[in-house]
Amino acid sequence: MPKVPFRNRNHTGWWVFCEVEQWVSNRQKNLSPTSRCLVWENMRLLRAKSREEAYRKAIKLGRAGNPSKTRGGEWRFSGISMLLPVYEKIEDGVEILWSDRGRLPVKKIKSLVKTKRQLPIFHDNDKA
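Remember, it's a predicted structure, so these values are computed and weren't measured experimentally.

Undergrad: Break down the nonpolar core for me, citing the residues and quoting the values.
TA: In this structure, Trp15, Phe17, Leu46, Ala48, Ala54 and Ala58 together form the largest nonpolar core, which totals six residues. For this core, the secondary structure elements donating two or more residues are β1 (14–25) and α1 (51–64). The contact partners of Leu46, leaving out residues within four places of it in the chain, are Gly13, Trp14, Trp15, Phe17, Ala54, Lys57, Ala58 and Leu61.

Structural data, given as structure tokens:
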């Protein structure tokens, strides 16, 4: 059995995963590969001792609440899009995820940064 690379090992017991859910209308009887559905990707945390256990738990957690009936349709679990170890102890300011954006011009870097008012968490109107 090959050795697990450091980037795929976990020393904290915490893992972050993204579950993919799709909302299927009651009018959509048979879905084809070209059918269009509303999709949510939910980022969640779980505890597990290994990546195999983390994967099994992520699938189990994703399936647990689905299908979820709503007026006009249902949410269905589609699968997992990402599973990564959390490398640091969970506490204020811990790095959970990062993205390598490569080399960017300063103008592009500035466009990534949001003011407080631009952050969706501060948009309290009912319109999403």
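Text resumes after the structure shown.
Undergrad: Can you break down the pattern of salt bridges residue by residue, with the values?
TA: Taken as a whole and judged by the stated rule, the model has four salt bridges. Salt-bridge contacts for Arg44 lead to Glu19; the nearest nitrogen and oxygen are separated by 3.0 Å. With Arg44 in strand β2 (residues 38–47) and Glu19 in strand β1, this pair connects stretches of sequence that are 25 residues apart. Take Arg44: its relative accessible area is 29%, and that puts it in the partly exposed class. Overall, the relative accessible area of 4% leaves Glu19 in the buried class.

Undergrad: So what's going on with the layout of surface pockets? Which residues, and what values?
TA: For the largest pocket, the calculated volume is near 170 Å³. Its residues placed into classes, the lining of the largest pocket shows six nonpolar, no polar and three charged.

Criteria and thresholds
Residues numbered from 1 in each chain as written. Predicted model: local features only at pLDDT ≥ 70, side-chain atom pairs only at ≥ 80, totals over all residues. Heavy atoms only, no water. Core = buried A, V, L, I, M, F, W, Y, C linked by side-chain atoms within 4.5 Å. Buried < 20%, exposed > 50% of the residue type's maximum accessible area, 1.4 Å probe, protein only. Helix = DSSP H or I, 4+ residues; strand = E, 2+ residues; numbered from the N terminus. Contact = heavy atoms within 4.5 Å. Salt bridge = Lys/Arg side-chain N within 4 Å of Asp/Glu carboxyl O. 1 Å grid on protein atoms, 1.4 Å probe; cavity = no way out; pocket = protein on both sides within 12 Å on 5 of 7 lines; lining within 4 Å. Points joined across faces, edges and corners; volume = space filled by probe spheres on them. Nonpolar A, V, L, I, M, F, W, Y, C, P; charged D, E, K, R; others polar.

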